[in-house]
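Here is how the chains run, residue by residue.
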Amino acid sequence: MATGEELNQLMLSGCRVFHDFPADRFNIDHVVVGPRGVLAVETKARAKPVRGRGREDARVTYDGNLLLFPTWQEREPLEQASRQAVWLGKWLTSAVGEPVTVHAAVALPGWYVDGKGAAPPIVFNPRNAPFPAERAGDRQLSGALIQRIAHQIEQRCRDVMPQAFRDPEHH
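Residues numbered from 1 in each chain as written. Predicted model: local features only at pLDDT ≥ 70, side-chain atom pairs only at ≥ 80, totals over all residues. Heavy atoms only, no water.

What follows concerns the sheet that holds strand 2 (residues 27–34). Reading across the sheet, the five strands line up as 1-2-3-7-9 and stay open at both edges, with mixed pairing between neighbours. The open sheet has two free edges, formed respectively by strand 1 (16–22) and strand 9 (122–124), since each of these has just one partner strand. Each adjacent strand pair in this sheet contributes to an overall mean axis angle of 30°, direction not counted. Of the pairings in the sheet, the one linking strand 1 to strand 2 comprises six bridges and is antiparallel in character. In the strand pairing of strand 2, Arg16 is matched with Val33. Together, strand 1, strand 2 and strand 3 (37–43) form the strand contacts of helix 4 (residues 143–157), whose direction differs from that of strand 1 by roughly 35°. (Pairing = 2+ DSSP bridges. Helix = DSSP H or I, 4+ residues; strand = E, 2+ residues; numbered from the N terminus. Axes fitted to C-alpha atoms, helices over the stretch in contact; angles between N-to-C directions. Contact = heavy atoms within 4.5 Å.)

Shown next as structure tokens:
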């Protein structure tokens, strides 16, 4: 929820933000569509070790291959985010009729992220939500393409009729 609230701030700069995007037998936590491209964001909440080292206990380094936490390392969140971005890119390309590149991102709420590697995916603390949206891609998406992409995502995401519009006789 914290990641979603921070990403929602990107709407102030013209991005479209979607949460819990239903895919094939999985969901994508967040999708951001903006002028710099499309992001598929996987959020991972990880408890910090309490060793009395303050900020050092809350620091994760991304070396371009691994997430290096203070007392362990992980690769799976990076791989998961990358798989989801590839899937979404293929789906959007088919849905809008032109190539759409989706950039993978991993959000780590509450962590100080040192990004030493330039390799994808983008790894960030959601409090720095503009970072992945600015870094996403070199290609500027037109307003028309952003609208077409957002429309396709909305069709799949927003499939529940609001309570106010439901027919009371057909619960």
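Once that is clear, we can look at the environment of Gly115. Checked against the element boundaries, Gly115 lands in strand 8 (residues 112–115). By relative accessible area, which is 56% here, Gly115 ends up exposed. (Buried < 20%, exposed > 50% of the residue type's maximum accessible area, 1.4 Å probe, protein only.)

For the rest of this paragraph, the subject is the packing of aromatic side chains. Counted according to the given criterion, the structure contains seven aromatic pairs. A ring pair is formed by Phe21 and Trp91, whose centres lie 5.5 Å apart and whose planes are at 65°; its orientation type is edge-to-face. Note that Phe21 is positioned in strand 1 and Trp91 in helix 2 (residues 76–96), a separation of 70 residues in sequence. With relative accessibility at 0%, the residue Phe21 sits in the buried group. (Phe/Tyr/Trp six-rings, centres within 6.5 Å; stacked < 30°, edge-to-face > 60°.)

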